Amino acid sequence: MPPVVEQPAKARLITDAAQHKTVPVTLLYDGADPLAMRIVFPPEVSLDRSEVVWAFARDLLETGLRLPSGTGDVLVWPCGRAQTVLEFHSPDGVALVQFDNAPLRRFLESSYAMVPAGKEHHEIEVENELGNLLHKT
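Residues numbered from 1 in each chain as written. Predicted model: local features only at pLDDT ≥ 70, side-chain atom pairs only at ≥ 80, totals over all residues. Heavy atoms only, no water.

Trainee: Explanation requested: the sheet that holds strand E4 (residues 52-57) in the structure shown.
Mentor: Two modes of strand pairing occur in sheets, parallel and antiparallel, and in both the strands are linked by backbone hydrogen bonds. What the seven strands build is an open sheet, ordered E4-E3-E2-E1-E7-E6-E5; its pairing is antiparallel. Two strands bound the open sheet, and with one partner strand each, they are E4 and strand E5 (74-79). With direction set aside, neighbouring strand axes in the sheet form an average angle of 30 degrees. Bridge count between strand E1 (residues 4-14) and strand E7 (residues 93-100): three bridges; the pairing is antiparallel. When the bridges of E7 are listed, Leu13 appears paired with Val97. Seen against the sheet, helix H2 (residues 101-114) touches E1, strand E2 (21-30), strand E3 (36-41), strand E6 (83-90) and E7 and runs at an angle of roughly 155 degrees to E1. (Pairing = 2+ DSSP bridges. Helix = DSSP H or I, 4+ residues; strand = E, 2+ residues; numbered from the N terminus. Axes fitted to C-alpha atoms, helices over the stretch in contact; angles between N-to-C directions. Contact = heavy atoms within 4.5 Å.)

Here it is, written out as structure tokens:
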């Protein structure tokens, strides 16, 4: 079973309200899916009161810490020197979420320690080969 990096973090939901709501989230990186990372939001912030999971490219987060990045459903950009904003688009609307950079950088460091940049495809090939061997027995 591939290793998993799971790290709690705090996210600030950016809304029209005077005070932004801070919510606990979980940052996930699974060696079985080495190109992606996930952010798990708690049920209380979703429209249907169920846990929300956003998956997107790990390198999108890495780049977004330094400069505006992304197209489509997920955009990431630096916000000052110490924070990063993630913008999520869905059929239900748009969510803006702000993070402090330190936990995002720690999370990325842990994920790169597990699967270094440029080795993601190798990890997928190894997993596929192991799966093939297990199914033959």
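Trainee: Sorry, what's going on with the packing of aromatic side chains here?
Mentor: Here the distance between the centres and the angle between the planes together describe a pair of aromatic rings. This structure, assessed with the given rule, holds three aromatic pairs. Between the aromatic rings of Trp54 and Phe88, the centroid separation amounts to 4.7 Å while the plane-to-plane angle is 35 degrees, which identifies the pairing as tilted. Of this pair, Trp54 sits in strand E4 while Phe88 sits in strand E6; the two residues are 34 residues apart in sequence, bridging distant segments of the chain. Taken individually, Trp54 and Phe88 each receive the classification buried, so the pair is uniform in this respect. Look at Phe56 and Phe88: their rings are 6.2 Å apart centre to centre, the planes differ by 55 degrees, and that puts the pair in the tilted class. Residue Phe56 is located in strand E4, and its partner Phe88 is located in strand E6; the two are separated by 32 residues in the primary sequence. Overall, the relative accessible area of 1% leaves Phe88 in the buried class. (Phe/Tyr/Trp six-rings, centres within 6.5 Å; stacked < 30°, edge-to-face > 60°. Buried < 20%, exposed > 50% of the residue type's maximum accessible area, 1.4 Å probe, protein only.)

Trainee: Explanation requested: the nonpolar core in the structure shown.
Mentor: Where a protein is soluble and globular, its nonpolar side chains tend to be buried together. Counting residues in each nonpolar core, the largest one holds 26 residues, and the members touching the most others are Val25, Leu27, Ile39, Phe56, Phe88 and Phe99. Excluding its chain neighbours within four sequence positions, the residues that come into contact with Phe88 are Ile39, Phe41, Trp54, Phe56, Asp73, Val74, Gly93, Val94, Ala95 and Val97. (Core = buried A, V, L, I, M, F, W, Y, C linked by side-chain atoms within 4.5 Å.)

Trainee: When you look at the pattern of salt bridges in this model, what are you seeing that I'm missing?
Mentor: Oppositely charged side chains can pair when the atoms bearing their charge come close. Evaluation of the coordinates by the stated rule reveals three salt bridges. With its nearest N and O atoms 3.0 Å apart, the salt bridge here joins Arg12 to Asp100. Taken together, the positions of Arg12 in strand E1 and Asp100 in strand E7 put the pair 88 residues apart, joining distant regions of the chain. Residue classification places Asp100 among the partly exposed positions, given a relative accessible area of 35%. Across the pair Asp33 and Arg38 runs a salt bridge whose closest N-O atoms are separated by 2.8 Å. (Salt bridge = Lys/Arg side-chain N within 4 Å of Asp/Glu carboxyl O.)

Trainee: Would you explain the side chain of Gln7 in this entry?
Mentor: Its place among the elements puts Gln7 in strand E1. Looking at Gln7, its side chain comes within polar contact range of the main-chain nitrogen of Phe107, at 3.3 Å. For Gln7, the residues in contact, after removing those within four places along its chain, are Val25, Thr26, Leu27, Pro103, Arg106 and Phe107. (Polar contact = N/O pair within 3.5 Å; in protein donor to acceptor, adjacent residues only side chain to side chain.)

Trainee: Looking at this structure, I do not really get H2. What am I missing?
Mentor: An α-helical segment advances 3.6 residues per turn. Residues three or four places apart therefore align on the same side. The terminal C-alpha atoms of H2 lie 20 Å apart, and with 14 residues this matches the ideal 20 Å at 1.5 Å per residue to within 8%. Turning to H2, its buried residues are Asn101, Pro103, Leu104, Phe107, Leu108 and Ser111. For H2, the angular spread of buried residues about the axis comes to 165 degrees, placing them on one side. Facing away from the buried side of H2 by over 90 degrees, the exposed positions are Glu109 and Ala113. Buried-residue contacts for H2 involve E1, E2, E3, helix H1 (58-64), E6 and E7. (Expected span 1.5 Å × (residues − 1). Arc of directions from axis to C-beta.)

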